[in-house]
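# Close look at the chain arrangement
What follows is each chain in one-letter form.
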Amino acid sequence: MTTPPPSPVAAPPAPPGSGQAPRQSGLQSGLKNRHLSMIAVGGVIGAGLFVGSASGITAAGPGILLSYALVGALVVFVMRMLGEMAAANPTSGSFSAYADRALGRWAGFSIGWLYWFFWVVVLAVEATAGAAILTSWVPAVPQWAWALIVMIVLTATNLASVASFGEFEFWFAGIKVVAIAAFIVLGGLAIFGVLPGSDNAATGFSNLTAHGGFLPHGPSAILTGVLMVVFSFMGSEIVTLAAGESEDPERAVTKATKSVIWRVGIFYLGSILVVVSLLPWNDPSIAKKGSYVAALDSIGIPHAGQIMNVIVLTAVLSCLNSGLYTASRMAFSLGQRGDAPKAFARTNTRGVPQAAILASVLFGFIAVGFNYVWPDTVFQFLLNSSGAVALFVWLVICFSQLRMRGIILRENPDKLVVRMWLFPYLTWATIAMISFVLVYMLTDDSDGGGRIQVLLSVLLAVIVVAVSLVRDRLAGNADKKAAVSSH
């Protein structure tokens, strides 16, 4: 059965072309507050933090802390803007629905499909990464089979109910949070020489300046570091999509938005500070083993590599689980607004958008196939063309908030329970910072670097916007013909 079941959040969707996001959706409010809290905390901890931080440290030295601080500030500001809109109107379409209302239907259509594309490509990346770890443990099972198994299991989880997604994500995120917290505590004790049994000398924070200075490659390396770490923050916005299926959406969004500062500060800046304090930034083990494994090895933690593999696998599975959820809910919202097949907007008896989930995972399976058959051509194109989408999403959130503030004040001023600081000046400053990062990416002409990512992502965005405008034009002409014929 594919008709929407009665539920506290079920109601007819807004008519296509109305420019309004549906206020209620047919989804079940199955996410508990503890689910939302852990999704909010764990959403900022991606596998990229564990895997990608080593290259950033190598490129920028201890100055990578400033790179993380800059990107962290961007995330805090963007999440504050998104929180302002989401607390006033929680919806599964989140920023896509707000862009639809604030900027026009073309904006909601375009950013919604770009975001969906980003996450289904991420599904392929994470499934392959998880399969590589599992194959190293159980070589008898080929890597492609592990990727298939992982995708099938998490698809089943998402199809079961939103509560099962929330429960899996609660434990995945919990493991990540505990691991980072333990790493910071153990590393902090070792830095000051008070960790029992540690082999590490009590260097304090001397490694931050002792090997060529805090910025051994000069100030420009801070921006190079920004390019390397910016995409590891993608996912912090997931809580605003999930809030539409929670018991108390407004409270959940407000709480998540207000806590983003300490989440970014502790998990990113805190853990990276431990790494670059424990080890010289140019220690060969950082590039060879990875920053966290090298740091754990330096303080004498046995089997650090395998411990980190377990944590990275958890982060990968968490990213897969939440990525499939996010892609499907965005497809669901697009279907509700008439911007995707109507089947995407239907929920089954469990309140799950089955068609949207299956369509998302099908594209993910196809992308996994591309990764095995044409890794350096087709799959690399998919990766590059989705490379700058995160920054496009943040820009759209900024521009939407500029317009939505007035709409909320005009229609429901009592709903403005979260406010962007120093509006509109800080919003414009954030737009300028994101734009600067995009322009700076164009200077990176390395193979698969920032320039090709920005250019291909812009090309993809232009195509999607063009499709949207053509659809609107055709729909407008059809409406005119229908109006003439009715007279």
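It should be emphasised that the depicted structure is a prediction, and the values quoted were computed from it without experimental measurement. (Residues numbered from 1 in each chain as written. Predicted model: local features only at pLDDT ≥ 70, side-chain atom pairs only at ≥ 80, totals over all residues. Heavy atoms only, no water.)

### What to know about the overall build of the protein
Helix and strand counts for the protein stand at 18 helices and zero strands. The C-alpha radius of gyration of the protein comes to 23 Å, within 12% of the 23 Å expected for a compact globule of 487 residues. With the C-alpha coordinates aligned to their principal axes, the bounding extent of the protein is approximately 85 × 55 × 45 Å. Considering the protein as a whole, with its 487 residues, one finds that 56% of them fall into the buried category. Considering only intrachain contacts with a sequence separation of at least 6, the fraction spanning at least 24 residues in the protein is 79%. (Helix = DSSP H or I, 4+ residues; strand = E, 2+ residues; numbered from the N terminus. Rg over C-alpha atoms; globule rule 2.2 N^0.38 Å. Buried < 20%, exposed > 50% of the residue type's maximum accessible area, 1.4 Å probe, protein only. Contact = heavy atoms within 4.5 Å.)

### Here's the deal with the packing of helix α3 (residues 64–88) against helix α17 (residues 425–441)
Any two packed helices are characterised by how steeply their axes cross, that is the angle between the axes, and by the distance between the axes. Running from N to C, α3 and α17 cross one another at 130°; their axes reach a closest spacing of 10 Å. Taken together, the axis directions place α3 and α17 in an arrangement best described as oblique. Remark: the crossing between α3 and α17 carries left-handed chirality. Where α3 abuts α17, its residues Leu74, Phe77, Val78 and Met81 lie against Leu426, Thr427, Thr430, Met433 and Ile434. Here the residues of the contact of α3 with α17 sort into seven nonpolar, two polar and no charged. (Axes fitted to C-alpha atoms, helices over the stretch in contact; angles between N-to-C directions. Parallel < 35°, antiparallel > 145°, perpendicular 65-115°, else oblique. Left-handed = near helix turned anticlockwise from the far one by under 90°. Nonpolar A, V, L, I, M, F, W, Y, C, P; charged D, E, K, R; others polar.)

### A short note on the side chain of Ser271
Positionally, Ser271 belongs in helix α10 (residues 249–278). We classify Ser271 as buried; its relative accessible area is 0%. Among the polar contacts made by the side chain of Ser271, one reaches the main-chain carbonyl oxygen of Phe267 at a distance of 2.5 Å. Setting aside residues up to four positions removed in sequence, Ser271 forms contacts with Leu49, Ile180, Phe183, Ile184, Ile266 and Tyr292. (Polar contact = N/O pair within 3.5 Å; in protein donor to acceptor, adjacent residues only side chain to side chain.)

Remember, this is a structural readout, not a statement about activity or role.
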